[in-house]
Every structure is written in structure tokens, then in C-alpha cells.
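As a plain string of letters, each chain reads:
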Amino acid sequence: MNPKAKGYLLAIIAATTYGMNPLFALPLYADGMNPESVLFFRYLLAIPLLAAMLKARGRSFRLSRTAVFPLAVMGLLMALSSLALFLSYRYMAAGIASTLLFVYPILVALIMAAAYHERISRQTMACILMALAGIGLLYKGGDGATLSLAGTLLVFVSALSYAVYIVGVNHRRLRDIATLKVTLYVLLFGLALFAGRLLTGTELTLPRTWYFWGNLLALAVLPTAVSFLCTTKAIQYIGSTPTAILGALEPVTAIFFGLTVFGERLTVREAVGLVLIIAAVTLVVAGGRLTPLLIRLRRLFPRMPLRRRP
């Protein structure tokens, strides 16, 4: 498999595993846990897993002095994104917050254009808009309620933090560090934000039912360790903007589990939204191969010369 194909596959895995967050988190909220505690244990349980994987591969835990600061920044950005999103649920429905969050592919494209002079092609912008339109259709709203300003600002902070993380994790000081080590230290530095939050007054809550520890472990493995690893590696292969656009598959995963696990029904509007997202992802994966194909198709139907009137 060539590196570009690996990048697309990893980005798809990252998006689908991250989309499993509601599957494991919602039962924990129903069991009485608060968002800070869920996020704290999510990061805490993932760290030993990644450390064991790093040790099994015979890699060193050492970091160069030049890598410590950017890794600390990346960890805090990722943790801030998670915390801001989970706090926004106090002000608005999770469906609205998750929909608003997907402004981040546009933010990634704008950051790449402004900081790295990356050209935003018409195809890329069309894919972003198509994915955002599809995600908007997946939201089951319609009660006409005014969005909370505080909640909207929190979601924007989450989206901006995640966009900066996606761009920053491909920094030259981190590019030569093993993906596993980058992910481990991102989680380690990110954990400090949740620990600080809990030490300054937020109550630490535990699962009331013993088997919900399995939910916390699943959160640590799939939407955290696997998703973060695949995201970092995908960015190295295909870049920040395509990886961000492929993140539109996250709500598709949520819809899938809603249908299969929670017994939800798929409406026509949601079906159209899924088609738009899949079309956008297909266009991203097709990449530069699409233009030559369209040119060949155009040549099959040459323009007929106009007849002059006598």
C-alpha cells in the first residue's frame, strides 16, 4: 500500500473510532459521572497502554529539549478541545454542539493557507462545504430555539484548538519523533489540564456500576489511543487539510451506532446528509486522480461547432 493510501485509511480509522465517543460516554453520564472525570480517566487509562506499546517496541521515552515545549502545547490544545466541547453540553444539546464543531476543517484550511501558503483548491473547498452541509442535515433539531452564546463560544474554542493541533502536530520538531511517542506525551501533557481542573474544585466522580469501568477503558483505547495515533500518522502521510475533511466520518459513525445500538431510525434528511458526507470523502480520497478522469470524459464528448445562420 502506498503512503497516500495508508494516510487515507488511517484518517478514516481515526474518524470512525473518535465517533465512538457517545457510544461509551453517554452511559457514563447517565450513571452520574461529570465530563471532567470522564475525560480524566479517558486520558489516564490510555497512557499506560501507549507506554507499554512504546516499551514493547524497544523505543526510548527520552525527549529532546526542543521537543518538550511543542509537545506540551499540543497536549494542552487537545485537552482544551475535549474539555471545551464537553462543557458546551451544559448549554446546548450534544447534537448541536457536535454539529457546530465541524467548522474545524475550514479553520484548518484557513490556517494552512495563512501560515504555510497552502493553496485552497476549488475541489477542497467544495468538499469542506459538502461535508458541513451533510453534517448539518444529520442534526435532528428544528425546535427553533436560540443557540446559547456561551455554548457556541465553547464549541468554537474546541474547534479552533483542534484545528491548531492538527496543523501543529506536523511541526518540523515533531515530524521525526515516533508517532507512538508523540501521542503518549500529548496525552500526558493533556492530562495535566484535567488534573488541574479536578484539584481546583471540580468533583471527581466514579462509575456507580462496576461494569461501566469497561466503558472508561473502551474510551481510553478506541476514541483516544487508536484515534489519536491514527490522526497523527495520517497527517504525516496526507497532510492536515485532507485529514480534517475525512473527520466528517465521525458523525456517520454516531449515526451507525444510533441505528444499531440505540434503535434510532434514519430519516430522509439524515440519509441525504450521509450521501453528501460520503461524496465529500470520496472526492478527497480521489484527489488529483479525479481531474484527469474528468478531462478524459470531456474528450469523449467534443463540443459541436456552432452553425452559422445563412
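The rules behind these values
- Residues numbered from 1 in each chain as written.
- Predicted model: local features only at pLDDT ≥ 70, side-chain atom pairs only at ≥ 80, totals over all residues.
- Heavy atoms only, no water.
- Helix = DSSP H or I, 4+ residues; strand = E, 2+ residues; numbered from the N terminus.
- Polar contact = N/O pair within 3.5 Å; in protein donor to acceptor, adjacent residues only side chain to side chain.
- Expected span 1.5 Å × (residues − 1).
- Buried < 20%, exposed > 50% of the residue type's maximum accessible area, 1.4 Å probe, protein only.
- Contact = heavy atoms within 4.5 Å.

## Some remarks on the side chain of Thr243
So, step 1. Structurally, Thr243 can be placed in helix H12 (residues 240–246).
So, step 2. A distance of 2.8 Å separates a polar atom in the side chain of Thr243 from the backbone oxygen of Gly239.

## Some details on helix H8 (residues 149–168)
Since the α-helix turns once every 3.6 residues, residues separated by three or four places project in the same direction.
So, step 1. Its 20 residues give H8 an end-to-end C-alpha distance of 28 Å, which sits within 8% of 28 Å, the value for a rise of 1.5 Å per residue.
So, step 2. Turning to H8, its buried residues are Gly151, Val155, Ser158, Ala159, Ser161, Tyr162, Ala163, Tyr165, Ile166, Val167 and Gly168.

## A few points about the environment of Ala159
So, step 1. Among the secondary structure elements, Ala159 is positioned in helix H8.
So, step 2. Ignoring any residue separated from it by four or fewer positions in sequence, one finds Ala159 in contact with Leu101, Val103, Tyr104 and Leu107.

## Observations regarding the side chain of Thr253
So, step 1. By the element assignment, Thr253 lies in helix H13 (residues 249–260).
So, step 2. Judged by its relative accessible area of 8%, Thr253 falls in the buried class.
So, step 3. Those residues in contact with Thr253 that sit more than four places away from it in its chain are Ala15, Thr16, Gly19 and Met20.

## Remarks on the environment of Ala248
So, step 1. One can find Ala248 in the loop between H12 and H13.
So, step 2. The class for Ala248 is buried, based on a relative accessible area of 3%.
So, step 3. The spatial distance from the C-alpha of Ala248 to the C-alpha of Gly134 is 8.7 Å, given a sequence separation of 114 residues.
So, step 4. Setting aside chain neighbours within four positions, we find Ala248 in contact with Phe102, Ala131, Ile135 and Ile277.

By themselves, these are just geometric observations and shouldn't be taken as functional.
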